[in-house]
Amino acid sequence: MNKRGIPPHSIRPLDGRFGAGPSLIRAAQLKKMSTAPQWGTSHRKAPVMDIVRSIQEGISELFSLPDSYEIVLGNGGATAFWSIATVSLIRQRAQMAAFGEFGSKFAADAASAPWLTVDVSEAPAGSVAFVNDGEGDVGAYPHNETSTGATSPLYRTAQELTLVDATSIAGASVVDLSLVDAYYFSPQKCFGSDGGLWVAILSPAAVERAFHLAEATDRPHPGFLDLKSAIVASRKAQTVNTPAIGTLLLLNEQVQWMLSEGGLPAMASRAQQGASLIQAWAENRDYASLFVDNPQWRSPVITTVDLDESIPVTELASALRDAGIVDIEGYRGLGRNQLRIASFPSIATDDIQALLDCLDWVIGR
Ligand SMILES: *Cc1c(COP(=O)(O)O)cnc(C)c1O
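Keep in mind it's a predicted model, so treat the numbers as computed, not measured.

(A) Broad picture of the layout of surface pockets. One number sums up the size of the largest pocket: a volume of about 490 Å³. Taken together, 28 residues line the largest pocket, and the ones lying closest to its centre are Gly21, Phe102, Lys189, Tyr331 and Arg340. Element by element, the count of residues in the lining of the largest pocket is highest for helix H3 (residues 77–88), at 4 residues. When grouped by side-chain class, the residues that make up the lining of the largest pocket number 7 nonpolar, 14 polar and 7 charged. Of the domains in this structure, domain 1 (14–25 + 263–364) and domain 2 (27–260) are the two that each give at least three residues to the lining of the largest pocket.

And the structure:
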């Protein structure tokens, strides 16, 4: 045995990537990349536009969307979409739920706009806060708080528009999107792509609001934050400015794979199987406890496990990193002795079991 206590090859996962994002990209996705003719070609020409159209149609099918919903794409990831919502979706006042890093960041972003009022309902990390006030013209909440592993039910708020940050759970949860007006995400989580892009599934009411606010005189209109322009470009299977072609290619591969593997129900069940394994593991170890107390709020894609201080996660993670197992440390901002393990659809359930075996192996020494 080597002295740092690295798990032997025989028990290691085939793929050791368990991070919350950027997350595992399947080998089959990557294999298609080297021969894709779209690399280094114009995003205003058919070969790239066909990929964008294929993504739009694929997402529409995946989420069984009504024809009236639109799939809009743009650059800058979910973080950029927060600023876009601030300029192009919130008219005057928003109610937001914040129960972790990502919900809080959106609320802070919107609150920094002098033309908006933002009310925040907060809950401590590990639980879920709800938008339960009817004031305002937008209600917003994260579907899955990636920093803590808490998942909110999907619901319509009392406001005219409901905006949902679905970044880490879109693609692993069966949802009725008629409940919401914007369901947006970055593709480097369940969709196993590279970052840099945002995708927003928009209802007719959200589209109408974006067109209306494009004329608003109470705010600035930087082109990058103008949702109307992004909608107009997306209707032509384009983005306002140059996208990362590789991100589009990887996203398209993943959407087609999800469809061919059984769509959202199959993806949701793959993710849940992985999460259930981790939960059972934690519940059966006296040095481990699940961070999200309420079983109903436990995420199917991100499981957070507090460990006893006698087992420092930094040392554990470093021993596992030497065995090719990466990114299992808790969210840095939480500052807990915590494991955070993703079970996105691309992550094989067998590999999650192998990861747990490796954890046992290292902790046992
Ligand atoms: C990762 C993540 C984001 C940020 O995505 P970027 O692509 O880095 O902008 C926002 N919200 C949630 C819930 C996330 O998990």
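(B) Highlighting H3. In this model H3 runs 16 Å from its N-terminal to its C-terminal C-alpha over 12 residues, within 8% of the 16 Å that 1.5 Å per residue would give. Here H3 lies mainly inside the structure; 10 of its 12 residues are buried. Every buried residue belonging to H3 is among Gly77, Ala78, Ala80, Phe81, Trp82, Ile84, Ala85, Thr86, Val87 and Ser88, and all of these are buried.

(C) Inspection of the pairing of strand S9 (residues 197–202) at higher detail. Here S9 lies mainly inside the structure; 6 of its 6 residues are buried. Burial of the side chains of S9 extends over both faces: Leu197, Val199 and Ile201 are buried on one face and Trp198, Ala200 and Leu202 on the other. Direction of pairing for strand S1 (residues 70–75) relative to S9: antiparallel, over a ladder of 6 bridges. Within the sheet, the bridge partner assigned to Ile71 lies in S9 and is Ile201. Across 4 bridges, the pairing between strand S8 (residues 182–185) and S9 is antiparallel.

(D) View of the site of the ligand. Surveying the vicinity of the ligand reveals 13 residues, the closest of which are Thr79, Thr146, Asp165, Ser186 and Lys189. Contacts to the ligand include Gln188, whose side-chain N or O atom sits 2.9 Å from an oxygen atom. Across the complex, the protein chains shield 86% of the 390 Å² of accessible surface that the ligand would expose by itself. Judged by the fraction of its atoms near the pocket grid, the ligand is located in the largest pocket. Looking at the shell around the ligand element by element, the count peaks at 4 residues for H3. Its residues assigned to classes, the shell around the ligand comprises 3 nonpolar, 8 polar and 2 charged.

(E) Quick peek at the domain arrangement of the protein chain. By domain assignment, the protein chain separates into domain 1 (14–25 + 263–364) and domain 2 (27–260). Centre-to-centre separation of domain 1 and domain 2, based on C-alpha positions: 26 Å. Taken together, the 29 residues of domain 1 in the interface contact 37 residues of domain 2. The three residues of domain 1 that bury the most area against domain 2 are Ile25, Leu264 and Trp297, which together make up 32% of that side's buried surface. Here domain 1 is connected to domain 2 by 0 salt bridges.

(F) The arrangement of the packing of aromatic side chains in detail. Taken as a whole and judged by the stated rule, the model has 10 aromatic pairs. Look at Phe63 and Tyr183: their rings are 5.9 Å apart centre to centre, the planes differ by 70 degrees, and that puts the pair in the edge-to-face class. Of the two residues, Phe63 is situated in the loop between helix H2 (46–62) and S1 and Tyr183 in strand S8; the sequence distance between them amounts to 120 residues. Grouping residues by exposure puts Phe63 and Tyr183 together as buried. Measuring from centroid to centroid gives 4.9 Å for Phe185 and Phe191, while their planes differ by 15 degrees, and the two rings are stacked. With a relative accessible area of 0%, Phe191 lands in the buried category. Through pairs of rings, three or more aromatic residues link up here, namely Phe130, Tyr141, Tyr155 and Trp297. Positioned above the aromatic ring of Trp257, the side-chain terminus of Arg26 is 4.1 Å from the ring centre. Over the face of the ring belonging to Trp361 we find Arg365, whose NZ or CZ atom lies 3.7 Å from the ring centre.

About the thresholds
Residues numbered from 1 in each chain as written. Predicted model: local features only at pLDDT ≥ 70, side-chain atom pairs only at ≥ 80, totals over all residues. Heavy atoms only, no water. 1 Å grid on protein atoms, 1.4 Å probe; cavity = no way out; pocket = protein on both sides within 12 Å on 5 of 7 lines; lining within 4 Å. Points joined across faces, edges and corners; volume = space filled by probe spheres on them. Helix = DSSP H or I, 4+ residues; strand = E, 2+ residues; numbered from the N terminus. Nonpolar A, V, L, I, M, F, W, Y, C, P; charged D, E, K, R; others polar. Domains from an automatic or database assignment. Expected span 1.5 Å × (residues − 1). Buried < 20%, exposed > 50% of the residue type's maximum accessible area, 1.4 Å probe, protein only. Pairing = 2+ DSSP bridges. Near = heavy atom within 4 Å. Polar contact = N/O pair within 3.5 Å; in protein donor to acceptor, adjacent residues only side chain to side chain. Areas by Shrake-Rupley, 256 points an atom, 1.4 Å probe, with all protein chains shown as cover. Sits in = over half its atoms within 2 Å of the grid points. Contact = heavy atoms within 4.5 Å. Buried area = accessible area lost by both parts, 1.4 Å probe. Salt bridge = Lys/Arg side-chain N within 4 Å of Asp/Glu carboxyl O. Phe/Tyr/Trp six-rings, centres within 6.5 Å; stacked < 30°, edge-to-face > 60°. Lys NZ or Arg CZ within 6 Å of the ring centre and 35° of its normal.

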